[in-house]
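# Commentary on secondary and tertiary structure
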Amino acid sequence: MIYTKQQIVGSTQVGADTNLSTLGLFGMVESAITECMGTQHIDGMTIKRLYNAFWVFTKNKVKIFANAVWGDMITIESYVSSKSAAKLYVDTAIKSSDGQIIAYSSCEMCPLDVATGRILRTSAVGVGEHIVSEPAQIEVVFDKLDCDNLPVVEQVTVRSTNIDFSHHTNNVEYLRFIFNTYSVEELLSRPIRELEVNYVSQSYENDVLSVCKSTTDTCDLFTITKFTQTVIKCKVVR
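Now for a description of the structure that goes with this document. Nothing here was measured: the structure is a model prediction, and the numbers come from that model.

## Thoughts on the sheet that holds strand E7 (residues 194-199)
Pairing is antiparallel across the open sheet formed by ten strands, whose spatial order is E1-E3-E4-E5-E2-E7-E10-E9-E8-E6. Each end of this open sheet is capped by a strand with a single partner; those strands are strand E1 (3-8) and strand E6 (152-157). The mean angle between the axes of side-by-side strands here comes to 20 degrees, regardless of whether they run parallel or antiparallel. In terms of strand pairing, strand E4 (residues 88-95) meets strand E5 (residues 101-113) through eight bridges, oriented antiparallel. Considered in E5, the bridge of Lys 95 is made with Ile 101.

So this is what it looks like as structure tokens:
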């Protein structure tokens, strides 16, 4: 099934140019994924209550094709595009009022056991035959992110407002840490066109994270680390 909703681009979702910001876009995608899974009774709150488990995003890749402006009416479509024994893929399309795709996300996730932190089979958290896959509207291929030994450009401490109901740092908050390494002028002059993030491990309240960054001719590469442990890898194309 395709979960569909319409909404107006709000003032808290735009950047300095009044266009939908990349951070706002990722927040929309995360909410749409959660709501889509909720309609099929496999969302995070449900699987925690029934199976003592929770979902973690492992990869997310977003392509941005056009702008949406503060006050625009948009349509969001979110649906399961593929599933396997250990992973679920949910695609999300953000569309303008005339039906054109503004942005497209493909997100890979897996369920973890709350008590042990171990990966569970998707069938163990209610993903059965009733979960029907829909064809992808845009083909998204995940890259292998080579982000080793990048220089540290900033350190941040995880605070209470960065934490979600699983008591780890929310997926979108890592992107906030990354986007804060850019100036307003940099984001206005060269907006983000594509972003891929690999969620490697978790972090928690009061953890001190190092944001590492390197710029190449084609993209900016990031890692966020906790001591020597990689938490996320990310590639930003502007």
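After that view, the rundown keeps rolling.
## Concerning unusual backbone geometry
In this structure, Thr 18 is a non-glycine residue whose phi angle is positive, near 70 degrees. Tracing the chain through its elements places Thr 18 in the loop between E1 and helix H1 (22-39). A relative accessible area of 32% means that Thr 18 is categorised as partly exposed. Its identity as a non-glycine residue notwithstanding, His 41 has a phi of 65 degrees, on the positive side. Locating His 41 in the fold gives a position in the loop between H1 and helix H2 (44-51).

## A few points about the environment of Ile 2
Relative to the assigned elements, Ile 2 resides in the segment before E1. Residue classification places Ile 2 among the partly exposed positions, given a relative accessible area of 38%. Between the C-alpha atoms of Ile 2 and Ser 201, which are 199 residues apart in sequence, the distance is 30 Å. Apart from the residues within four sequence positions on either side, Ile 2 is in contact with Glu 77, Ser 78, Tyr 79 and Glu 134.

## Notes on the layout of surface pockets
In this structure, the largest pocket encloses a volume near 610 Å³. Surrounding the largest pocket, 28 residues form its lining, Gly 15, Leu 20, Ser 21, Thr 22 and Leu 187 being those nearest its centre. If you list the elements that add at least two residues to the lining of the largest pocket, you get H1, E5, helix H3 (171-179) and helix H4 (184-189). Residue composition of the lining of the largest pocket, by class: 18 nonpolar, seven polar and three charged. Lining of the second largest pocket is provided by 20 residues; of these, Glu 30, Thr 34, Phe 57, Phe 165 and Asn 171 occupy positions nearest its centre. For the lining of the second largest pocket, the secondary-structure elements that each account for two or more residues are H1, H2, strand E2 (53-64) and H3. Looking at the lining of the second largest pocket element by element, the count peaks at six residues for H1. Partitioned by chemical class, the residues of the lining of the second largest pocket number nine nonpolar, eight polar and three charged.

## Quick word on empty space enclosed by the protein
Scanning all chains against the criterion turns up one cavity of 30 Å³ or more. Secondary structure elements with two or more residues in the lining of the largest cavity: H1, E2 and H3. Looking at the lining of the largest cavity residue by residue, the class counts come to four nonpolar, two polar and one charged.

## Describing the side chain of Gln 40
With respect to the secondary-structure elements, Gln 40 resides in the loop between H1 and H2. With a relative accessible area of 7%, Gln 40 lands in the buried category. If we skip the residues at most four places from it in the chain, Gln 40 touches Met 1, Val 80, His 130, Ile 131 and Val 132.

## Some remarks on the pairing of strand E10 (residues 229-237)
Regular strands place their side chains on alternate faces of the sheet. Relative to E10, E7 runs antiparallel, the two sharing six bridges. Note that in E10 the partner of Leu 195 across the bridge is Val 236. Pairing of strand E9 (residues 220-226) with E10, which is carried by seven bridges, proceeds in the antiparallel orientation. Each bridged residue has a counterpart across the sheet, and for Ile 224 the counterpart in E10 is Ile 232. Counting the residues in the hairpin turn of E9 and E10 gives two residues, including Phe 227, whose phi is positive at 55 degrees.

## Quick notes on H2
For H2, every residue scored as buried is listed here: Gly 44, Thr 46 and Ile 47. Looking down the long axis of H2, one finds its buried residues gathered within 160 degrees of arc, a one-sided arrangement. Turned more than 90 degrees away from the buried face of H2 sit Met 45 and Arg 49, all of them exposed. Where H2 is buried, its residues meet E2. Regarding H2, its N-cap is Asp 43, as a side-chain oxygen of that residue lies 3.3 Å from the backbone nitrogen of Met 45 further along.

What counts and what doesn't
- Residues numbered from 1 in each chain as written.
- Predicted model: local features only at pLDDT ≥ 70, side-chain atom pairs only at ≥ 80, totals over all residues.
- Heavy atoms only, no water.
- Pairing = 2+ DSSP bridges.
- Helix = DSSP H or I, 4+ residues; strand = E, 2+ residues; numbered from the N terminus.
- Axes fitted to C-alpha atoms, helices over the stretch in contact; angles between N-to-C directions.
- Buried < 20%, exposed > 50% of the residue type's maximum accessible area, 1.4 Å probe, protein only.
- Contact = heavy atoms within 4.5 Å.
- 1 Å grid on protein atoms, 1.4 Å probe; cavity = no way out; pocket = protein on both sides within 12 Å on 5 of 7 lines; lining within 4 Å.
- Points joined across faces, edges and corners; volume = space filled by probe spheres on them.
- Nonpolar A, V, L, I, M, F, W, Y, C, P; charged D, E, K, R; others polar.
- Arc of directions from axis to C-beta.
- Polar contact = N/O pair within 3.5 Å; in protein donor to acceptor, adjacent residues only side chain to side chain.

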